[in-house]
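Residues per chain are reported as follows:
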Amino acid sequence: MTTTRVGRPVLDEEDLRPLRLLAAGLPVETVARRLGLSERTVRRRVRAVCDRLGVTAPIQAVVWAARRGLL
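Everything quoted here is computed from the prediction, not taken from an experiment.

Student: If you had to explain the pattern of salt bridges to someone new, which residues and values would you point to?
Tutor: Taken as a whole and judged by the stated rule, the model has 5 salt bridges. Put simply, E13 and R20 hold a salt bridge, and the shortest N to O gap is 2.5 Å. A residue is classified by how much of its surface remains accessible, and E13, at 42% relative accessible area, is partly exposed. For R47, the salt bridge is made with D51, and the minimal N-O distance between the two is 3.8 Å. Placement of both R47 and D51 in helix α3 (residues 39–53) is noted, with a separation of 4 residues, approximately one turn of the helix.

Student: Would you mind going over the packing of helix α1 (residues 13–23) against helix α4 (residues 58–67) in detail, with residue names and values included?
Tutor: Where α1 meets α4, the axes come as close as 10 Å, and the angle between the chain directions of the two elements is 100 degrees. In this view, α1 runs roughly perpendicular relative to α4, as classed from their interaxial angle. Contact with α1, carried on its side by L16, L19, L22 and A23, involves A61, V62 and A65 of α4 and no other residues of that element. Counted by class, the contact of α1 with α4 contains 7 nonpolar, no polar and no charged residues.

Student: Can you lay out the nonpolar core for me, pointing to particular residues and giving the numbers?
Tutor: In terms of nonpolar packing, the biggest core is built from 20 residues, with L11, L19, L53, A61 and W64 touching the most fellow members. When contributions to this core are tallied by element, the ones reaching two or more residues are β2 (9–11), α1, α2 (28–35), α3 and α4. Ranked by residue count, the leading element in this core is α3, at 5 residues.

Student: Let's hear about α4: which residues, and what values?
Tutor: Within the span of α4, buried status applies to A61, V62, W64 and A65. The buried residues of α4 occupy an angular sector of 160 degrees when the element is viewed end-on, so they sit on one face. Along α4, the residues that are exposed and aim more than 90 degrees away from the buried face are I59 and R67.

Student: So, the packing of α2 against α3: which residues are in play, and what are the values?
Tutor: In the contact formed by α2 and α3, the axes pass within 8 Å of each other and the chain directions differ by 100 degrees. One element, α2, and the other, α3, form an angle in the roughly perpendicular class. Side by side, α2 and α3 meet where V28, E29, V31 and A32 of the first sit next to E39, V42 and R43 of the second. Per-class residue counts for the contact of α2 with α3 are 4 nonpolar, no polar and 3 charged.

Student: Run through the environment of L70, naming residues and quoting values.
Tutor: Mapping L70 onto the fold places it in the segment after α4. Judged by its relative accessible area of 18%, L70 falls in the buried class. Note: C-alpha distance between L70 and E13 (57 residues apart in sequence) is 9.6 Å.

Procedures and definitions
- Residues numbered from 1 in each chain as written.
- Predicted model: local features only at pLDDT ≥ 70, side-chain atom pairs only at ≥ 80, totals over all residues.
- Heavy atoms only, no water.
- Salt bridge = Lys/Arg side-chain N within 4 Å of Asp/Glu carboxyl O.
- Buried < 20%, exposed > 50% of the residue type's maximum accessible area, 1.4 Å probe, protein only.
- Helix = DSSP H or I, 4+ residues; strand = E, 2+ residues; numbered from the N terminus.
- Axes fitted to C-alpha atoms, helices over the stretch in contact; angles between N-to-C directions.
- Parallel < 35°, antiparallel > 145°, perpendicular 65-115°, else oblique.
- Contact = heavy atoms within 4.5 Å.
- Nonpolar A, V, L, I, M, F, W, Y, C, P; charged D, E, K, R; others polar.
- Core = buried A, V, L, I, M, F, W, Y, C linked by side-chain atoms within 4.5 Å.
- Arc of directions from axis to C-beta.

Structure below.
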């Protein structure tokens, strides 16, 4: 789990699972099916990650996680 400077978690495994699949180039429909979630839930989770990281697009969240060796 990646933490902030004050030790609070930024991303946990639940956050990283959809990012890994998106990084592999899979569409949201496929990500949802593989995770056993609805597309809406996947989109909501990814949006929450983006908000937490202060980025505006899912690809930016993927890049953020990849640069930190999380993917």
